[in-house]
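Secondary and tertiary structure notes
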Amino acid sequence: MRLHLVDGTYELYRAHYSPRPGTTTPDGRDVKATAGVMDSLLALLHDETEAVTHIAVAFDNPIRSFRNALFAGYKGDEGVPPELRAQFDLVEHAVESLGVRVWSMKDHEADDALATAAARFAGEVEQVRLLTPDKDLGQCVRGQHVVQVDRRQQKVMDAEAVKAKMGVAPESIPDLLALMGDDADGIPGLPGFGAKGAATVLQAYGHLEAIPDSAAEWTAKPRGADKLAATLKAHREDARLYRTLATVVEDAPLPGTKSLADLEWKGVPEARFKAFCEGLGFKTLQRRPKRWAV
């Protein structure tokens, strides 16, 4: 058995900004993103190499979470195109019509749902596959048992691959993002710390608390070590806050999910799927399913 955990918000944005032709309903609503997510998930569900047995898709709905109360600069819903925002609820119904469990996250983020499920169910499956390119989720990767999958680039990253890409082990990724920042999430990082310098220090010390105040005590010295050490000493509390923002939680609520059995994919429920497609005028999608629920 495999557990596929999909970042639905990423899929929604990817579909919206993709070069695929626009899609509108008979009454003129823009539903390109929703159609794209359904198309992408149908491809995943019928991909023999992925061999989906258990699956869930998590969405940020709304975008804001508990992290916004911790830091005013954290990512919000400003700038979300109105035609995309109008599909936040619709896409959840779309995914449910495929017979797939949906987690609609209110105070937490989709990443928190994926991390929670990975931690909760990893011991019950052969492999957990986190379907998102988001570097935040690299912190959840464990050996080859919990891996991160970038479907667009067709890459599977285990713990060694995460370390090769990010420069640090999975467990140090929140510390790395705290130092170097993360523009996608509105985490500023500390002045002067780039990806290479932050990774060099964390390769030696692992976590913020273990890094000495004085660069004279550093066993790994990136360029400008004295200045970086002074910056860290002066802004350790900021760094700890940024790490909290970058750390996914593993106790987020998973609506409708009490056990792994609740995530089993049994096929596309024919009547429900066809009714949904007909309501939006998705004629092509209606011909896509290869496996119907019994």
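So, how was this worked out
- Per-chain numbering applies: the sequence of each chain, read as written, is numbered from 1 onward.
- In keeping with the model being predicted, local features are shown solely for residues with a pLDDT of at least 70 and side-chain atom pairs are shown and tallied solely at 80 or more, while totals for entire chains, interfaces and linings include all residues.
- For the side-chain quantities, the full set of heavy atoms in the structure was used; hydrogens and water were omitted.
- Helix and strand assignments come from DSSP, with helices taken as H or I runs of at least 4 residues and strands as E runs of at least 2, each series counted from the N terminus.
- Throughout, radius of gyration means the C-alpha value; the globule benchmark is 2.2 Å times the number of residues raised to the power 0.38.
- Buried residues are those whose accessible area, probed at 1.4 Å on protein chains only, stays under 20% of the maximum for their type, while exposed residues exceed 50% and partly exposed ones sit between those limits.
- Note on contacts: a residue pair qualifies if any of its non-hydrogen atoms lie within 4.5 Å across the two residues.
- Shrake-Rupley sampling with a 1.4 Å probe provides the accessible areas, and residues are treated as covered by the protein chains on show and by no other component.
- Just so you know, the count uses Lys and Arg for positive and Asp and Glu for negative, and it drops His and the chain ends.
- By convention, charge coordinates are those of NZ in Lys, CZ in Arg, CG in Asp, or CD in Glu.
- Whether two strands pair comes down to DSSP finding at least two bridges between them.
- Every axis corresponds to a line fitted to the C-alpha atoms, with the helix fit spanning only the stretch in contact, and the corresponding angles, defined between N-to-C directions, vary from 0 to 180 degrees.
- For this document, the term salt bridge refers to a Lys or Arg side-chain nitrogen within 4 Å of an Asp or Glu carboxyl oxygen.
- UniProt positions are given in the numbering used here, feature names are shortened, and annotations may be inferred rather than shown by experiment.
- All domain edges in this entry derive from an automatic or database-based domain assignment.
- Values labelled buried area give the accessible surface lost by two parts on being combined, using a 1.4 Å probe and summing over both.
- By the definition adopted for this analysis, an angle is roughly parallel if under 35 degrees, roughly antiparallel if over 145, roughly perpendicular if from 65 to 115, and oblique otherwise.
- Crossings are assigned a handedness: left-handed for a near helix turned anticlockwise from the far helix by less than a right angle, right-handed for a clockwise turn.

Bringing the overall build of the protein into the picture now. Scanning the protein from terminus to terminus reveals 12 helices and six strands. The C-alpha radius of gyration computed for the protein amounts to 21 Å, which stays within 12% of the reference 19 Å derived for 294 residues, consistent with globular compactness. Seen through its principal axes, the protein has C-alpha atoms that stretch 70 × 40 × 30 Å. Counting the 294 residues in the protein, one finds 54% classified as buried. Once local pairs closer than 6 in sequence are excluded, the contacts in the protein between residues at least 24 apart make up 68%. Here the protein displays about 13,600 Å² of accessible surface, and carbon together with sulfur accounts for 50% of that area. With 37 positive and 43 negative side-chain charges, the protein shows a spacing of 4 Å between the two charge centroids.

With that settled, consider the sheet that holds strand 4 (residues 127–131). Pairing is mixed across the open sheet formed by six strands, whose spatial order is 3-2-1-4-5-6. Whereas interior strands pair on both sides, the edge strands pair on one side only; in this sheet they are strand 3 (101–105) and strand 6 (155–157). Strand-to-strand twist of the sheet, defined as the mean angle between neighbouring strand axes without regard to direction, takes the value 25°. Here helix 6 (residues 110–121) sits on the sheet in contact with strand 1 (2–7), strand 2 (54–60), strand 3, strand 4 and strand 5 (146–150), set at roughly 170° to strand 1.

All right, on to the pattern of salt bridges then. If you walk through the whole model with that rule in mind, you get 19 salt bridges. Note that Glu50 is salt-bridged to Arg2, the shortest N-O span being 3.9 Å. Residue Glu50 is found in the loop between helix 2 (32–45) and strand 2, and its partner Arg2 is found in strand 1; the two are separated by 48 residues along the sequence. Of the two residues examined, Glu50 and Arg2, each falls in the buried class.

Taking the numbering used here, the UniProt-annotated feature "domain: 5'-3' exonuclease" (unreviewed entry) corresponds to residues 1–266. In residues 1–266, helix accounts for 38% and strand for 12%; the two terminal C-alpha atoms are 13 Å from one another.

What follows covers the domain arrangement of the protein. The domains assigned to the protein are domain 1 (2–166 + 249–287) and domain 2 (170–246). Listed per partner, the contact involves 15 residues of domain 1 and 17 residues of domain 2. The junction of domain 1 with domain 2 conceals about 1,400 Å² of combined surface from both sides, 62% of it contributed by carbon and sulfur atoms. Broken down residue by residue, the surface that domain 1 buries against domain 2 is led by Phe71, Gln139 and Met166, which jointly contribute 36%.

Where helix 2 contacts helix 5 (residues 88–96), the two axes come as close as 9 Å, and the packing angle between them is 25°. Here helix 5 runs roughly parallel to helix 2, going by the angle between their axes. Crossing handedness for the pair helix 2 and helix 5: right-handed. On helix 5, the residues that touch Thr34, Val37, Met38 and Leu41 of helix 2 are Leu90, Val91, Ala94 and Val95.

Turning our eyes to something else, we now look at the side chain of Arg243. Tracing the backbone through its elements, the reader meets Arg243 in helix 11 (residues 236–246). For Arg243, the residues in contact, after removing those within four places along its chain, are Pro174, Asp175, Ala178, His207, Leu208 and Glu209.

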